Amino acid sequence: MAAAAPSSAQRMSHTQFIELLRRRASCPRHGEALHAWALKSGAASHAPVANSLISFYSSLPRPLLAAAFAVFDDIPPDARDVASWNSLLNPLSRHRPLDALSRFRSMLSSSTVLPSPHSFAAAFTAAARAASATAGTAAHALACKIPSAVSNVYVCTSLLNMYSKLGVVSDARRVFDEMPQRNSFSWSTMVAGYAAEKCSEEAFDLFRLMLEECPSEKSEFVATAVLSAVSVPLGLLMGEQMHGLIVKDGLLDFVSVENSLVTMYAKAGCMGAAFHVFESSRERNSITWSAMITGYAQNGEADNAVSMFSQMHAAGFTPTEFTFVGVLNASSDLGALAVGKQAHGLMVKLGFEVQIYVKSALVDMYAKCGCIADAKEGFDQLYEVDIVLWTAMVSGHVQNGEHEEALTLYARMDKEGIIPSKSTIASGLRACAGIAALEPGKQLHTQIVKYGLGLGAPVGSALSTMYSKCGNLEDGISIFRRIPDRDVIAWNSIISGFSQNGCGNGALDLFEEMKMEGTIPDHITFINILCACSHMGLVDRGWEYFSLMTKDYGLTPRLDHYACMVDILSRAGMLKEAKDFIESITIDHGTCLWRIVLGACRSLRDFDVGAYAGERLMELGTEDSSAYILLSNIYASQRKWNDVERVRHLMRLRGVNKDPGCSWVELNSRVHVFVVGEQQHPEAENINAQLRRLAKHMKDEGYHPSSKLSFDEELGPLAESHEEDQLEWISAAYS
């Protein structure tokens, strides 16, 4: 049998043994049988046979390096030749680079053998993989003493690769310029070194030099290296020129080149061109699909990314880990939880969930889709949590209104010594702004100074917003004035701060200053300006700004802008005009506009418009409990008890419940949250005792709870329930 080891009676030359072992290299069982014969016959002590055994064990799909070590160590030291060392060094440089460097040093200490060019190539590869600049430069210095090494194109290319992987591209270029001869791998390695350091112009200039000196070296390897180098937002022109040359030279037949073209156009933001290359590709693979999906996700076309993922799956292609990262990022941007969960299930099936960058994208997706519990579960399972994940979790809590949890998580991160990024700080500041927690916000401000994060985007805007929403306009405007290159987000933050703190004139003045600086306002800007006009009762000026956004800036009014205009009219007592304005709006505005009018009717005692607005809300099926209560109070004020009972019955029938009151207070850098009907605060017993004392004191002073909301008439059946509401309000206000 050809695969069987020869018997002891059979004779086999070393050459025959080596050839037979080479032919059976993919079968460990046959190789081990041949090894057994070599040991029994004594052939294993001969260097050529031992070297072939070392190569056999090292080149298996799952290398048996321990067996290779054993064979090497069994060779008598004086019988080891340079091939013996190289047989061990080459596989070690790929799989265990530190061991390779250790063995290379042992080889140098041996007095019986000198390193060959292949020895140096292995040492350079190991130094690159181990990121050991010291070992790499030492091996380079020794190679310079051996002419056969520094003149070998294979060795010099390995040296180029080492310096490029170590990030010392200037030294790599020096080696490249001194090479006596170069091949396509040398050129592509040097270009790839520039690409890794984002030196697109240097890479392109080097490629043009190659076309001048040796145009015959053009290959798919060089083309993909150049395309990788110019895959930056400002590299589009160079990429387009490269595309033309690729078509001319017929390199589009290589799928790796097509994939690089798709990636290049995607990173330049030209998804139309990327899709054209994708469509014309004759041999798409999973990388081609992944490049498109990732490109769409990174360029804000999340819906196209999700659609492309579905098409890829339907076409029978297996997603890679990069595909999953792209589709999870797209799901995050869309808030498409269902898509994210489907991708998660497929990811588990294919075994990609354990990879750190995939799991990071998964945590980010669940956090941004509002599934904080799922995000936290994945977050807690990670042993190495980077700042991106911490930021995703803090930001996820903020986006879901869990500001206290966000600050607690940030404090945990700080305690573990994790240095925050600008995005982490900005999310923490938004949490502080959400609950008006000034002291924690000031602590974050000190960290901005401590870590030298500056006031650029997004930190400056978030810090200015935090101070403004905490009522500290002086510090808010001070931070704003120090923000470099203020964008529309920074302007919106400070204008909103002035508007919400009752400084409407200041908000309008800032808007005029913004226009003078040449910053173009957006939809958010006009919402803030219209709110300022509403607070000051500036009806005519509000109409001017409402018209200005369409006339001068081409911005189509959204629901928020219509709501601001209704609020302006309602606050000014122009309820009939507000009613007519709402009925003239063509977009679907749901219930929010009628809710604004109903609230204003409560204060202005306009029973007719109030009842009309309330009934419209009932028709639309509102789930806002206050709308039912306000409409009931209007009918009670008019002594229409049948209508009162009808509204309250409708409220019960639809299962609408009154939202409990909630308040919070910051004391000694700690935020205390109180919800009506809950007794979860650790000092609840003492607080209740103080409330009873306060209620008794109020009663002794002659206070009697009013049974009226905004109308002077008796509320009849609502009086008792409203007294309970007032007691709830007292509790919330006291806490």
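One can find the structure itself at the top, above this paragraph.
A brief report on the enclosed structure follows.

Procedures and definitions
- Residues numbered from 1 in each chain as written.
- Predicted model: local features only at pLDDT ≥ 70, side-chain atom pairs only at ≥ 80, totals over all residues.
- Heavy atoms only, no water.
- Phe/Tyr/Trp six-rings, centres within 6.5 Å; stacked < 30°, edge-to-face > 60°.
- Helix = DSSP H or I, 4+ residues; strand = E, 2+ residues; numbered from the N terminus.
- Buried < 20%, exposed > 50% of the residue type's maximum accessible area, 1.4 Å probe, protein only.
- Lys NZ or Arg CZ within 6 Å of the ring centre and 35° of its normal.
- Contact = heavy atoms within 4.5 Å.
- Disulfide = S-S within 2.5 Å.
- Axes fitted to C-alpha atoms, helices over the stretch in contact; angles between N-to-C directions.
- Parallel < 35°, antiparallel > 145°, perpendicular 65-115°, else oblique.
- Left-handed = near helix turned anticlockwise from the far one by under 90°.
- Nonpolar A, V, L, I, M, F, W, Y, C, P; charged D, E, K, R; others polar.
- Salt bridge = Lys/Arg side-chain N within 4 Å of Asp/Glu carboxyl O.

**Things to note about the packing of aromatic side chains**
The description of an aromatic ring pair uses the distance of the two centres, along with the angle that the planes make with each other. Tallying each qualifying case throughout the model produces 19 aromatic pairs. Ring geometry for F546 against F581: centres 6.2 Å apart, planes inclined by 80°, an arrangement best described as edge-to-face. Of this pair, F546 sits in helix α33 (residues 539-551) while F581 sits in helix α35 (residues 575-584); the two residues are 35 residues apart in sequence, bridging distant segments of the chain. Note on accessibility: F546 and F581 belong to one class, buried. By the ring-pair criterion, three or more aromatic residues cluster together here, those being F275, F278, W289 and F317. R284 extends its terminal NZ or CZ atom over the ring of F278, reaching a point 4.1 Å from the ring centre. Across from the ring centre of Y612, 4.8 Å away, lies the NZ or CZ of K579, which sits over that ring.

**Examining the environment of A392**
With respect to the helices and strands, the residue A392 is situated in helix α24 (residues 387-399). What makes A392 buried here is its relative accessible area of 7%. Taking the C-alpha atoms as reference, A392 lies 9.2 Å from S427; in sequence the two are 35 residues apart. Apart from the residues lying within four places of it in its own chain, the contact partners of A392 are D364 and A367.

**Overview of the state of the cysteines**
Taken as a whole, this structure holds zero disulfides when the rule is applied. Between C144, a cysteine without a disulfide, and C156, which holds the nearest cysteine sulfur, the sulfur-to-sulfur distance is 9.0 Å.

**Quick notes on the packing of helix α8 (residues 133-143) against helix α10 (residues 153-165)**
Running from N to C, α8 and α10 point in directions that differ by 155°, and their axes come no closer than 11 Å. The angle between the axes of α8 and α10 places the two elements in the roughly antiparallel class. Read as a crossing pair, α8 and α10 show a hand that is left-handed. The segment α8 lies against α10, with G136, T137 and H140 engaging L159, M162 and Y163. The residue makeup of the contact of α8 with α10, split by class, is three nonpolar, three polar and no charged.

**A closer look at the pattern of salt bridges**
According to the stated counting rule, one finds 20 salt bridges in the structure shown. With a shortest N-O distance of 2.6 Å, R174 and D171 are connected by a salt bridge. Taken as a pair, R174 and D171 lie in helix α11 (residues 169-178) at a separation of three residues, close to a single helical turn. For K579, the salt bridge goes to D580, with nearest N and O atoms at 4.0 Å.

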